[in-house]
Amino acid sequence: MTVNLEVADGVGTIRLDRPPMNALDIATQDRLRELAEEATRRDDVRAVVIWGGEKVFAAGADIKEMQAMDHASMVVRSKALQDSFTAVARIPKPVVAAITGYALGGGCELALCADVRIAADNAKLGQPEILLGLIPGAGGTQRLARLVGPSKAKDLIFTGRHVKADEALTIGLVDQVVPAAEVYERAHAWASRLAAGPALALRAAKESVDAGLETDIDTGLTIERNWFAGLFATEDRETGMRSFVEEGPGKAKFR
């Protein structure tokens, strides 16, 4: 398989495994969607790490495969392409991308689907589709602009240039830069911490932020209010408040 899901202690690692560069061909895209949907369904997966291995995250789409496609075939395929990445973005659990080496084109778009991005100091990110006479087609024009702002997104998309880890951190494209040997460990630690948290509250927080960004402030506040009130019906809320009163903050053990 070109993508695998390994689960341990509440953390699911979605591992890209298509050497040498983890090129995202159609089979890999479809497998990615399947595993994102599986991670969504499984109760034993409480947080997710997306990982391409020690050398490279994903260097982009399979260009040879795309070169053979015409307009009609891409009209049919483009929706499935976007759906694969959207399935990752909509995992209702905390998701972190552990980025080593190249995260270009579709690889960068996949990293954009995570809630947090931890990059190796040797990482290079970018949207070089313009150099092929194309634009990003798996969400890059939308998610990148929402993350770093339209001007910076247009610079990267218009030029197709690669961004080194330090610049990616400066513009907000990644959230942490660490030595390459520590990337997965740091990402897994972030996911492990949240895997022990209140699952429904984390889901509510993620969906409130993501849905709120797509609408006006009043609608966003309504989304937040409904989730906030709804959490008062959960066992986790009872556990958290009881622990706070009896033991002090930060000591609750959620089921």
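Report on the accompanying structure.

Some points on the nonpolar core
Right, on to step 1. The biggest cluster of nonpolar side chains holds 45 residues, and the ones touching the most others in it are Phe57, Ile99, Leu125 and Leu173.
Right, on to step 2. Ignoring anything within four residues of it in the chain, the contact list for Leu125 reads Ile99, Ala103, Leu104, Cys108, Arg161, His162, Val163, Ala168, Leu173 and Val174.
Right, on to step 3. Counting residues in hydrophobic clusters, the runner-up holds 14 residues, among them Val11, Ala120, Ala191 and Ala195.

A word on the pairing of strand β3 (residues 47-51)
Right, on to step 1. The element β3 is largely enclosed, with a buried count of five among its five residues.
Right, on to step 2. A two-sided burial pattern is seen for β3, the buried positions comprising Ala47, Val49 and Trp51 on one face and Val48 and Ile50 on the other.
Right, on to step 3. Pairing of strand β2 (residues 11-16) with β3, which is carried by five bridges, proceeds in the parallel orientation. Opposite Arg15, over in β3, you have Trp51 as the bridge partner.
Right, on to step 4. This β-α-β element, β2 to helix α1 (residues 26-41) to β3, shows right-handed connectivity.

Quick word on helix α6 (residues 150-159)
Right, on to step 1. Looking at α6, one finds that the buried residues are Ala153, Leu156 and Ile157. Burial along α6 is one-sided: seen end-on, the buried residues are contained in an arc of 95°. Facing away from the buried side of α6 by more than 90 degrees, the exposed set consists of Ser151 and Phe158.

Some remarks on the pattern of salt bridges
Right, on to step 1. This structure, assessed with the given rule, holds 16 salt bridges.
Right, on to step 2. Its salt-bridge partner being Asp62, residue Arg18 comes within 3.2 Å of it at the nearest N-O pair. In this pair, Arg18 is assigned in the loop between β2 and α1 and Asp62 in the loop between β3 and α2 (63-67), connecting sequence segments 44 residues apart.
Right, on to step 3. On the accessibility criterion, Arg18 (24% relative accessible area) is partly exposed.
Right, on to step 4. With a shortest N-O distance of 2.8 Å, Glu235 and Arg255 are connected by a salt bridge. Of this pair, Glu235 sits in helix α11 (residues 235-247) while Arg255 sits in the segment after α11, and the two are 20 residues apart along the sequence.
Right, on to step 5. What you see here is one network of salt bridges that share partners, running through Asp30, Arg33, Glu37 and Arg77.

Some thoughts on the side chain of Arg117
Right, on to step 1. Its location among the elements puts Arg117 in strand β6 (residues 116-120).
Right, on to step 2. For Arg117, which is buried and forms no salt bridge, the nearest opposite charge comes from Asp175, at a distance of 4.0 Å.
Right, on to step 3. At 3.0 Å, the side chain of Arg117 forms a polar contact with the backbone oxygen of Leu173.
Right, on to step 4. Ignoring sequence-local partners within four residues, the contact set of Arg117 consists of Ala97, Ile99, Ala111, Leu112, Leu147, Leu173, Val174, Asp175 and Gln176.

Focus: the pairing of strand β4 (residues 95-99)
Right, on to step 1. Across the five residues that make up β4, a large majority, five, are buried.
Right, on to step 2. Covered by surrounding structure in β4 are Val95, Ala97 and Ile99 together with Val96 and Ala98, the residues of both alternating faces.
Right, on to step 3. Bridge count between β3 and β4: four bridges; the pairing is parallel. Opposite Trp51, over in β4, you have Ala98 as the bridge partner.

Here's the deal with the packing of α1 against helix α3 (residues 71-89)
Right, on to step 1. The contact between α1 and α3 brings their axes to 8 Å, and the two run at 40°. Looking at the two axes, α1 sits oblique to α3. Taken as a pair, α1 and α3 cross one another with a handedness that is left-handed. Taking contact as the criterion, the partners of Ile26, Gln29, Asp30, Leu32, Arg33 and Ala36 in α1 are, on α3, Arg77, Leu81, Asp83, Ser84, Ala87 and Val88.
Right, on to step 2. Of the residues that constitute the contact of α1 with α3, the class distribution is six nonpolar, two polar and four charged.

Notes on unusual backbone geometry
Right, on to step 1. Cis geometry is found at the peptide bond from Pro19 to Pro20, where omega equals 5°.
Right, on to step 2. Following the sequence through the fold, Pro20 ends up in the loop between β2 and α1.
Right, on to step 3. At Asp9, a residue that is not glycine, the phi angle is positive and equals roughly 55°.
Right, on to step 4. As for its position among the elements, Asp9 is in the loop between β1 (3-8) and β2.

Calculation notes
- Residues numbered from 1 in each chain as written.
- Predicted model: local features only at pLDDT ≥ 70, side-chain atom pairs only at ≥ 80, totals over all residues.
- Heavy atoms only, no water.
- Core = buried A, V, L, I, M, F, W, Y, C linked by side-chain atoms within 4.5 Å.
- Buried < 20%, exposed > 50% of the residue type's maximum accessible area, 1.4 Å probe, protein only.
- Contact = heavy atoms within 4.5 Å.
- Helix = DSSP H or I, 4+ residues; strand = E, 2+ residues; numbered from the N terminus.
- Pairing = 2+ DSSP bridges.
- Right-handed = clockwise from strand over helix to strand, strands pointing away.
- Arc of directions from axis to C-beta.
- Salt bridge = Lys/Arg side-chain N within 4 Å of Asp/Glu carboxyl O.
- Lys, Arg positive; Asp, Glu negative; His and termini not counted.
- Polar contact = N/O pair within 3.5 Å; in protein donor to acceptor, adjacent residues only side chain to side chain.
- Axes fitted to C-alpha atoms, helices over the stretch in contact; angles between N-to-C directions.
- Parallel < 35°, antiparallel > 145°, perpendicular 65-115°, else oblique.
- Left-handed = near helix turned anticlockwise from the far one by under 90°.
- Nonpolar A, V, L, I, M, F, W, Y, C, P; charged D, E, K, R; others polar.

Shape descriptors only; they carry no functional weight alone.
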